[in-house]
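Breakdown of the fold
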Amino acid sequence: MNSVPALRVERRFAQTYREYLEARGVWQPRYRVQKYSDGTVALPLSQNCLPELDLHTLKLTVAPGSSISIVYIQTPTLSKRERVMSDNDKLVKALQELLVSHGERWSEELREDVPHCWQRHGDLVLIGEGCFLQPVWKSMGLELWQAVAHGLGCKRLAQIGRVSGDEFRTPVVTMLLGEDSIVMHVDNRIRYEFDVTKCMFSSGNITEKLRIASFDCSGETVVDLYAGIGYFTLPYLVHAGAAHVHACEWNPHALSALKRNLELNGVSERCTVHEGDNRQLRLCDLADRVNLGLIPSSREGWPTACRLLKRDAGGILHVHQNVTSSPPRPTGPAPLTHDASSPGGGQGAGVGSEPSQKSDAQREAWRRWAEDTAAIIASLLCDISGKPWRTSIRHIEHVKSYAPHIHHLVLDLECRPR
C-alpha cells in the first residue's frame, strides 16, 4: 500500500481541522487517523490537494496558535467503514470467486444480473425474480446458490416470483438452498413465525407496525379485519395495549401462523380468532377501532367495519388503500368532516409522514381519496344505524410507494354518531 499524505496537528485541534478539511473535500475518509505518542495526530489528505495547501494561512485562519506540518503515513490503516464490506460487496466477491473457479470472466453485465435487495428472515434470505438470468449462471447448478448464501451470510435461500392470482394472494416461492421453509422474523420485539412458501410478509409495512405500536389503545376493543399472520394484530396487543382484539383471516396457512404467533408473543388470551370471510362476521356494535389492512383496496370490508363500530360512541377506522395520484382538482383543500346530510362541511385535513418531495398533485390526490372515503363511510354508517354520523379525517399516513404514482396510504378516520 502506498504512503498517504496527512496533516499532522495537535490532538486538541484535530476536530477543528478535520471539519475544515471535510468541508473543502480534501479529507481522505478511506484511512484512519494516525495517532502519535507526543500528543499529535495525522489527518489523511487527498494527494491532489497538496500543491494548493498553504500551511501558514491554514494555521492562521483555522486554529491560531496551533502547530501543523505535512507528513506521510507509511503504513496507513483502512477506516472501519472501508474494512466492513457491504452485503452486496460480499455477494459480488463470492460470485467473482465462483466464476474464476469455473474459468469464467466477471463483467459489468453480470453485476447487473445480481440482486441488489432481498428480504432476510433469520438464516433464510429471500431474493426476487429478474436476477441470475445470464446463461453462465445456469451451468453453475447448486454451486451458484451455495456461493450466494456464503456471500449473504445465510444458510437457506429462496426466490419469490409474482404473487399468485388466488383469493389468498399466495406467494410463488421456490426454495433454492435448504428444504425447511419455516422462518422466524423479529420486528420491534415481536416474533412472527411463518412459512415463506405459504404466507406473504411485507417488510415495507414496518413503519405502519411501528406507528400502531405507538398508539394508546388501553381498554379498547379492536377488530383486525385482515389479520394475516398478525402483522398489525400483534402490535395492537403487544405494544398498544388493546384490551382485546378480534382477528379475522380466511387463508388457512396464515391462520395457522397467526395462532402460533399469538402464543409465541404471550397474548393469545386477549385475542379471538375468526376464521373465514369477514363479510360473514356475526359481530356488531363492539369496536372502538377497526383495522382494514388490505391492499390494493379494503373497500369490500367497509360495510363490515361500519357494523362493528359502537353504535352509541363510534370509533376509529384505519383504512388502507393503494392510491394513484392524478392532476389536482380546481378546488380548495379537502374538508375534514363529512356527514350523510351535508358531506361538504369542515376544515383542511392533515397529511402525516408525507415525503417532502411529493408534488401538489400527489397531495391533492391523497386528500381527495380521503375526502371521498369519508363521505362514503358516513353514508354507510347512516344506512346501517338509521341516524346521521360525522366522519373526521384525523391523519393520512404514507406507508410506501409501489411506483412513481402509486402509494400505499392509511386513512385514520374518526366516526361519531351525531
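Look up a bit, the structure's there.
Residues numbered from 1 in each chain as written. Predicted model: local features only at pLDDT ≥ 70, side-chain atom pairs only at ≥ 80, totals over all residues. Heavy atoms only, no water.

1. Brief notes about the overall build of the chain
A tally of regular secondary structure across the chain gives 12 helices and 18 strands. Put simply, 68% of the contacts in the chain that link residues at least 6 apart link residues at least 24 apart. Of the roughly 20600 Å² of accessible surface on the chain, a fraction of 49% belongs to carbon and sulfur atoms. (Helix = DSSP H or I, 4+ residues; strand = E, 2+ residues; numbered from the N terminus. Contact = heavy atoms within 4.5 Å. Areas by Shrake-Rupley, 256 points an atom, 1.4 Å probe, with all protein chains shown as cover.)

2. Concerning the pattern of salt bridges
Enumeration over the complete set of coordinates arrives at 20 salt bridges. D412 is the partner of R211 in a salt bridge, and the nearest nitrogen-oxygen pair spans 2.7 Å. With R211 in helix α8 (residues 206-213) and D412 in strand β18 (residues 406-417), the pair connects residues that are 201 residues apart, well separated along the chain. Assigned by exposure class, R211 and D412 land together as buried. Among the charged side chains, a salt-bridge network with shared partners connects E208, R211, E397 and D412. (Salt bridge = Lys/Arg side-chain N within 4 Å of Asp/Glu carboxyl O. Buried < 20%, exposed > 50% of the residue type's maximum accessible area, 1.4 Å probe, protein only.)

3. Considerations on the sheet that holds strand β6 (residues 124-128)
Strand order in the open sheet made by the 4 strands is β5-β6-β7-β8, with mixed pairing throughout. Because the sheet does not close on itself, it has two edges, and the strands there are β5 (118-121) and β8 (173-177). Neighbour-to-neighbour, the strand axes of the sheet open up by a mean angle of 25°, direction not taken into account. Bridge analysis of β5 against β6 gives 4 bridges, and the strand direction is antiparallel. Note that in β6 the partner of Q119 across the bridge is L126. (Pairing = 2+ DSSP bridges. Axes fitted to C-alpha atoms, helices over the stretch in contact; angles between N-to-C directions.)

4. Side note on the pairing of strand β1 (residues 4-10)
Burial runs high along β1: 5 of the 7 residues are buried. In this structure, β1 lies alongside strand β3 (residues 40-44), joined through 5 bridges in antiparallel fashion. When the sheet's bridge partners are listed, L7 is paired in β3 with L43.

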